[in-house]
Amino acid sequence: MKRIMLNIHNCLMAVSIANALNQSGDFLVTSVPSGHGGVAEACKQMSSDILLMESAYDIGTTLNDCLREAELLRDLCPQCKVIMLCDENSVPEIARQVMQAKKDGQIDDFVYSSVSESYLTALLSAI
C-alpha cells in the first residue's frame, strides 16, 4: 500500500482525489495544509511514498512555495516522489512553469487537474 500525502488547497478537489484514492484500496491517504516546512515534515513522519501537491496563485501554493517544500522534502524524505498538480486551463502560465520544473528535475512528475480520477489513480499506482 502506497502512502500518499495530499497538499491540495482546493478543498473540493482534495476531497474528490482522496475519495478516489481511498476507494481504490491501494493507498493510505493523508492531507496536510501548506505552510513553512510543515508539508515536508509531515511526509517524513508518515514515511510518504508520494507527495501530491497543488500549485496555484494562493499564498502557500505558489510554484516557489511548492518548490521550497519539494527541496526540503528531498533532504528529509528522499524516497518520496513529488508530483505537482496544476490547472492548465485557468492558469496556463503556472502549468508551463510546472512543466519546466519537471524538465529541470525539481519535481518528479506533474499532472493537470483536468485528468480523470481513474487516470490519476493509475498514474500514482505506477510510480
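So, here is what we can say about the structure in this document. Quick caveat: nothing in here was measured; it's all calculated off a predicted structure.

Looking at the overall build of the chain
Regarding its fold elements, the chain presents five helices and five strands. In the chain, the order of α-helices and β-strands from amino to carboxyl end is β-α-β-α-β-α-β-α-β-α. The C-alpha radius of gyration computed for the chain amounts to 13 Å, which stays within 12% of the reference 14 Å derived for 127 residues, consistent with globular compactness. Oriented by its inertia axes, the alpha-carbon framework of the chain measures out at about 35 × 30 × 25 Å. Relative to its 127 residues, the chain shows a buried fraction of 43%.

Some thoughts on helix α5 (residues 117-126)
Every buried residue of α5 is accounted for by Leu120, Thr121, Leu123 and Leu124. In an axial view of α5, the angular spread of the buried residues amounts to 160 degrees, which keeps them on one side of the axis. Opposite the buried face of α5, at more than 90 degrees from it, the exposed residues are Ser118 and Ala126. Summarising the contacts, the buried residues of α5 are in contact with β1 (2-7), α1 (11-24), β2 (27-31), β3 (50-54), β4 (81-86) and β5 (109-112).

Considerations on the pairing of β1
In terms of burial, β1 is a largely internal element, five of the six residues being buried. The parallel pair β1 and β2, bridged by α1, forms a crossover whose chirality is right-handed. Pairing between β1 and β3: four bridges, direction parallel. By the bridge assignment for β3, Leu6 is matched with Leu52.

Some details on the side chain of Ser55
Looking at the element boundaries, Ser55 is found in the loop between β3 and α3 (63-76). The class for Ser55 is buried, based on a relative accessible area of 2%. Setting aside anything within four residues of it in sequence, one finds Ser55 in contact with Thr61, Thr62, Leu63, Cys66, Met84, Leu85, Cys86, Ile94 and Val98.

Quick look at the pattern of salt bridges
Under the criterion given, the structure shown has three salt bridges. With a shortest N-O distance of 3.7 Å, Asp49 and Arg3 are connected by a salt bridge. Of the two residues, Asp49 is situated in the loop between α2 (38-46) and β3 and Arg3 in strand β1; the sequence distance between them amounts to 46 residues. Measuring nitrogen to oxygen at the nearest pair gives 2.4 Å for the salt bridge that ties Arg68 to Asp65. Of this pair, Arg68 and Asp65 both sit in helix α3, three residues apart, which is roughly one turn of that helix. A residue is classified by how much of its surface remains accessible, and Asp65, at 19% relative accessible area, is buried.

About the cut-offs
- Residues numbered from 1 in each chain as written.
- Predicted model: local features only at pLDDT ≥ 70, side-chain atom pairs only at ≥ 80, totals over all residues.
- Heavy atoms only, no water.
- Helix = DSSP H or I, 4+ residues; strand = E, 2+ residues; numbered from the N terminus.
- Rg over C-alpha atoms; globule rule 2.2 N^0.38 Å.
- Buried < 20%, exposed > 50% of the residue type's maximum accessible area, 1.4 Å probe, protein only.
- Arc of directions from axis to C-beta.
- Contact = heavy atoms within 4.5 Å.
- Right-handed = clockwise from strand over helix to strand, strands pointing away.
- Pairing = 2+ DSSP bridges.
- Salt bridge = Lys/Arg side-chain N within 4 Å of Asp/Glu carboxyl O.

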